[in-house]
Every structure is written in structure tokens, then in C-alpha cells.
Amino acid sequence: MRLRGAPTDRLLRALRRTLLALVGVPFALAIGMTLVDSYRRRGKKPRPFPTTPPSSNEVGGGEMTVYTYGQDLYDDMLAAIAGARKRILLETYIWKGDEVGERFKAALVDAARRGVEVYCIYDAFANLVVSPRFKRFPPEIKVLRYPVYSAGLRFWDLRRYGRDHRKILVVDDEVAFVGGYNIGSAYATEWRDTHVRLTGPSVWDLTRTFADFWNLNRRKRFRSSERPLLLEAASVWEPRIRIHRNIPRLWMFPIRSMYLEAIDRATDHIWMTHAYFIPDQDFVDSLVRAANRGVDVRVLLPHKSNHVVADWISRGYYSQLLDAGVRILRFREAMVHAKTSTIDGSWSTVGTANVDRLSLQGNYEVNVEVIDEQFAATMEAIFLTDQGHSLELHSAEWEARSAHRKFTEFVLAPLRPLL
């Protein structure tokens, strides 16, 4: 029996070793690259980059203001909190315990102590390195700490693994802010990101976005007597502004569908800016089809992002895009963290979702879709400013990259479905 079983045992061992190599080698390489990149970045500061001042447009019975510099945004967010009379809803992915983070915390505490209802949500995993002291709030503030692990005993339930990647502030149901900016000192001056301020009917949709997440997750975080966050129904429907929400718990991912539909409708140009660009093949095919029918497709990315592995994995799609005529622009000397697109001078989106699996099919995200020519013109002007600070990647340069770079891309390819 042992002799007959020996070949089978050897085969099983070989299969296990092969599987371990296929899974373990990419992870080991990714960890090594991350550590080396972190070491190289120590003490380095990004250089100044061009920005545009806050720009406002009347859209759908309200106003939309676009921010491309963090300090401008934070000043207006803090002013809105200081002027709050009834209620503040703040949801963020990262909330640093630094100078800027402390200013936001102090402003919220002041508001709560003058009688304003204050609700806060932050993602515990994203803030593991933040001091526990900073994460202690007075009882006047209701805080939902979205847990590091939320599946409980349902470890097989993939709907419960999404992170809360949203960044929302709503004050008195009158003004709202949403976009890519987290809260922290580095984001105020060193990162190029995009956020929008909204007034008018669309504010209710962001209020509802916050409330639905709060009510979905409040039961395990608060006493059973804690009431849900109840809201009145919106009385006005604004067709030019739509708020799209990814809700993994409900298996709802409309942001990806929003992008694919808009790309497939494009007839003139598609200009996209993304911090992390790891699309699935269907997304790539949609961009390639647009380029093949004569659409001017441009994708603006960081030349070097804060996640070196994401940079390398995204390069696996460059050949297909460049061969189709898609222009790839690499933002220099600073981290561009924006998640925006504009198409054909009329359609735009600003939000929290990157073009990767985690954002489009995994995390809680929110994007604003806007159908308005003036707003699109503002977004296009911002894109052209960023393009002027970028290096374009050409096919000849890409094809001439070294063999070790091609090998690294090949080894990391199995991680694409995970990111």
C-alpha cells in the first residue's frame, strides 16, 4: 500500500508547494517592496504642485464648490462646523491625531457642548496607528467606530468585509462635503486631492447616505435603547445630481455601473484622475472600445503613489491601453489622491471610489454624479492644470522597460483580483 501511495503523496506535495509558491511569492514580494519603499520615503517631503482656488457653479437649485487644496477645504469645513445649529454628521476613513485632526475634534466637541447633535463614524482599521487617547470622545458626541473585523461568526459572508472608505460631512442638512480628502495635516498641504461642497436638494441624499450606514451598523455598537437616526423623506428630486452609494452589506455596487455606462456613451473625450488604478478586464475593454472609436481617453495617475504595490499592479494594463491610444499621464512630485472623471463636457463625477476592486466591488463608497456643462468645464480646467504637472508615458518608453520590471509585474499579477 505504501508503494502504491508514494507517487500520489509526491504529487500532492508537489501540488501544495506549487500552490504555496503561486500564492506566497507575490505576497512576499509585495511585503518586501512595501518595506523598501517605506524606508526610501523616510524624511522626504513632496514638492509644491499647482492647484486651482475653490470654484463654484450653480447646479440643480444649489451650489457646488470644487476644492483641490486641502487647507482651503478644511477651512470651509471647520467654518461650517462652527456655524452648526442643529446637527453635524461626519464620516471619514482616516482621521489622524495630528494638528488638523485635533482641530476637527475640538470643533466637534465645541459644537456638541453648545447643544448641536454630533454623530461621527470612522474606520477602525484605517486608524490602527492613531493614538487611543485621540480616539476617546466625550459622551456628548455619538461615535460609531466601524470595526477592524465586522463579520463576527459569519466569516464566510463576503458582504461583511468591506471597509468604510467614505468621507462625508453634513451640517444642518443645509451644506455637505464629499470627496477624496481624509483628515490630517499631510493632506492639507502635501497631497493633491478633490472634494466638493454642495448646497440644495442633493444635500439630503448625503444625509441619507450617512444615516443608512449608521442605522445598519448601530445595533452592535450602542445600547439597544439607542434610537436609529431618523430622517424625513426628500421632497425634491434633482435629476442633474445623483449620489451613488456602494453598500457591500446589501451587495449594491452602483458606482462601477455608473462609470461603465458613462464610458460607453462617450463620443468626444474621457478624462479620468485616480490615485489607484487597477481596473478589471471589463473596465479596460470599455476604455479600449472608446479609444478605438476615436474618443480622446486620458488617465491621470500618480507617478509614485503612497502604495508602491498598487503602482506596480496597475502597470499590468498599460500595454492594452497604450496600444489602443489611451494617454497615460503621471502626476509628478506629489501624491494625487483624487477620484474624478469628466466626459464629453457634460458628465462628471467626484467621490471616494478608486478604479480598483476594493472600491468598486468591496468597500463602502460614495460618488456624486453631475450632469452639467458648467461644472464639467470646471473639472476639465482642473484636469488640464494637473496634466501640465504630469509626465506622459509613451508606448516606446513603456516597451523599452527593463526585464526585471516586466518580471516583477508578472509575479505581482495574481494580486490584481485582491486589490
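This structure is a prediction, so every number in the text was calculated from the model and none was measured. (Residues numbered from 1 in each chain as written. Predicted model: local features only at pLDDT ≥ 70, side-chain atom pairs only at ≥ 80, totals over all residues. Heavy atoms only, no water.)

*Asks:* So what exactly am I meant to see when it comes to the pairing of strand 9 (residues 195–199) here?
*Replies:* Side-chain positions along a regular strand alternate between the two faces of the sheet. Sheet topology note: the strand 2 (residues 62–67)/strand 9 ladder contains four bridges and is antiparallel. Bridge pairing in strand 9 places Tyr67 opposite His195. Judged from the five bridges that link them, strand 7 (residues 175–179) and strand 9 form a sheet pairing that is antiparallel. The partner of Ala176 across the bridge, within strand 9, is Leu198. (Pairing = 2+ DSSP bridges. Helix = DSSP H or I, 4+ residues; strand = E, 2+ residues; numbered from the N terminus.)

*Asks:* Any chance you could explain the nonpolar core here in plain terms?
*Replies:* Here is a general trend for soluble globular proteins: nonpolar side chains tend to be buried in one another's company. Grouped together as the largest cluster of nonpolar side chains are 41 residues, with contacts concentrated most on Tyr74, Ile88, Trp95, Phe104, Leu108 and Val118. Going through the elements one at a time, helix 2 (70–82), strand 3 (87–92), helix 3 (99–113), strand 4 (117–123), strand 6 (168–171), strand 7 and helix 4 (185–189) are the ones with two or more residues in this core. With seven residues, the top contributor of residues to this core is helix 3. The residues touching Leu108, leaving out its near neighbours within four places in the chain, are Ile81, Ile88, Leu90, Trp95, Val118, Cys120 and Ile141. The next biggest cluster of nonpolar side chains, apart from the first, holds 36 residues, and it includes Ile255, Tyr259, Trp347 and Leu360. (Core = buried A, V, L, I, M, F, W, Y, C linked by side-chain atoms within 4.5 Å. Buried < 20%, exposed > 50% of the residue type's maximum accessible area, 1.4 Å probe, protein only. Contact = heavy atoms within 4.5 Å.)

*Asks:* How do you make sense of the UniProt feature "domain: PLD phosphodiesterase" (unreviewed entry) in the protein chain when you look at a structure like this?
*Replies:* UniProt records the feature "domain: PLD phosphodiesterase" (unreviewed entry) for residues 160–187 and 332–359 in the present numbering. Along residues 160–187 one finds 11% helix and 32% strand; the C-alpha atoms at either end are 29 Å apart. (UniProt positions renumbered as here; feature names shortened; annotations may be inferred.)

*Asks:* Help me out: how do you make sense of unusual backbone geometry in this one?
*Replies:* Trans is the common state for peptide bonds, and a negative phi is the common state for residues other than glycine. Phi is positive for Asp173, close to 55°, though the residue is something other than glycine. Under the relative-accessibility criterion, Asp173 is labelled partly exposed at 39%. Here the phi dihedral of Glu333 falls at roughly 70°; this positive angle occurs in a residue that is not glycine. For Glu333, a relative accessible area of 36% corresponds to the partly exposed category.

*Asks:* I keep staring at the sheet that holds strand 17 (residues 365–371) and nothing clicks. Help me out?
*Replies:* Note: strands within a sheet are paired through backbone hydrogen bonds, in either parallel or antiparallel orientation. Strand order in the open sheet formed by eight strands is 10-17-16-15-11-12-13-18, with mixed pairing between adjacent strands. On the outer flanks of this sheet lie strand 10 (241–246) and strand 18 (390–393), each paired with one strand and no other. Taking each pair of neighbouring strands and ignoring which way they run, the sheet shows an average axis angle of 15°. Taken together, the five bridges between strand 11 (residues 269–274) and strand 12 (residues 296–302) define a ladder with parallel strand orientation. By the bridge assignment, Thr273 is partnered in strand 12 with Leu300. Relative to strand 10, helix 5 (residues 202–217) is tilted by about 10°, and along the sheet it contacts strand 10 and strand 17. (Axes fitted to C-alpha atoms, helices over the stretch in contact; angles between N-to-C directions.)

*Asks:* Explain the side chain of Thr349 to me, please; I cannot follow it from the model alone.
*Replies:* Along the chain, Thr349 falls in strand 16 (residues 347–351). A polar atom in the side chain of Thr349 sits 3.0 Å from the side chain of Asn367. The contacts of Thr349, once residues within four sequence positions are left out, are Met258, Tyr259, Lys339, Thr340, Ser341, Asn367, Val368 and Glu369. (Polar contact = N/O pair within 3.5 Å; in protein donor to acceptor, adjacent residues only side chain to side chain.)

*Asks:* How should a nonpolar patch on the surface be read in this particular structure?
*Replies:* Judged by side-chain polarity, Phe125, Leu128, Val129, Val148, Tyr149, Phe155, Trp156, Leu158, Tyr161 and Trp251 come together as a nonpolar surface patch covering roughly 1200 Å² of accessible area. If you trace the backbone, Trp156 turns up in the loop between strand 5 (141–146) and strand 6. What makes Trp156 exposed here is its relative accessible area of 59%. (Patch = residues over 30% accessible without salt bridge, like charges linked within 9 Å, V, L, I, M, F, W, Y side chains within 5 Å. Areas by Shrake-Rupley, 256 points an atom, 1.4 Å probe, with all protein chains shown as cover. Salt bridge = Lys/Arg side-chain N within 4 Å of Asp/Glu carboxyl O.)

*Asks:* What am I meant to see in the sheet that holds strand 1 (residues 55–59) here?
*Replies:* Across the sheet, eight strands lie side by side as 1-2-9-7-6-3-4-5; this open sheet has mixed pairing. Edge strands, defined here as strands with exactly one partner in the open sheet, are strand 1 and strand 5. Taking each pair of neighbouring strands and ignoring which way they run, the sheet shows an average axis angle of 15°. Each of strand 1, strand 2 and strand 9 is contacted by helix 11 (residues 373–387), which is oriented at about 160° to strand 1, the strand it contacts most.

*Asks:* Just to check I follow, could you spell out the environment of Pro138 for this structure?
*Replies:* In this fold, Pro138 is placed in the loop between strand 4 and strand 5. Through-space distance from the C-alpha of Pro138 to that of Arg113 is 9.6 Å; in sequence the pair is 25 residues apart. When near neighbours in sequence (up to four residues on either side) are disregarded, Pro138 contacts Val109 and Arg113.

*Asks:* Would you mind showing me how to read the packing of aromatic side chains here?
*Replies:* Any two aromatic rings considered together are summarised by their centre-to-centre distance and by the angle between their planes. For the structure shown, the criterion picks out 17 aromatic pairs. Ring centres 6.0 Å apart and planes at 20° place the aromatic pair Phe210 and Trp214 in the stacked group. Linking Phe210 with Trp214, this pair stays in helix 5, spanning four residues, or about one helical turn. Taken individually, Phe210 and Trp214 each receive the classification buried, so the pair is uniform in this respect. (Phe/Tyr/Trp six-rings, centres within 6.5 Å; stacked < 30°, edge-to-face > 60°.)

*Asks:* Even after reading the chapter, I still don't get helix 11, so can you show me in this structure?
*Replies:* Think of an α-helix as 3.6 residues a turn; residues three or four steps apart then line up on the same face. For helix 11, which comprises 15 residues, the first-to-last C-alpha distance of 20 Å matches the rise-based estimate of 21 Å (1.5 Å per residue) to within 8%. Where helix 11 is concerned, the buried positions are Phe375, Ala376, Thr378, Met379, Glu380, Ile382, Phe383, Asp386 and Gln387. With a side-chain oxygen lying 3.1 Å from the backbone nitrogen of Gln374, the N-terminal cap of helix 11 falls on Asp372. (Expected span 1.5 Å × (residues − 1).)

*Asks:* In this structure, what is going on with the packing of helix 2 against helix 3? I would like to understand it.
*Replies:* The contact between helix 2 and helix 3 brings their axes to 9 Å, and the two run at 15°. Here helix 3 runs roughly parallel to helix 2, going by the angle between their axes. As helix 2 packs across helix 3, the resulting crossing turns out to be left-handed. Every residue of helix 3 that contacts helix 2 at Gln71, Tyr74, Asp75, Met77, Leu78 and Ile81 is listed here: Val100, Arg103, Phe104, Ala107, Leu108 and Ala111. Among the residues forming the contact of helix 2 with helix 3, the class breakdown is nine nonpolar, one polar and two charged. (Parallel < 35°, antiparallel > 145°, perpendicular 65-115°, else oblique. Left-handed = near helix turned anticlockwise from the far one by under 90°. Nonpolar A, V, L, I, M, F, W, Y, C, P; charged D, E, K, R; others polar.)

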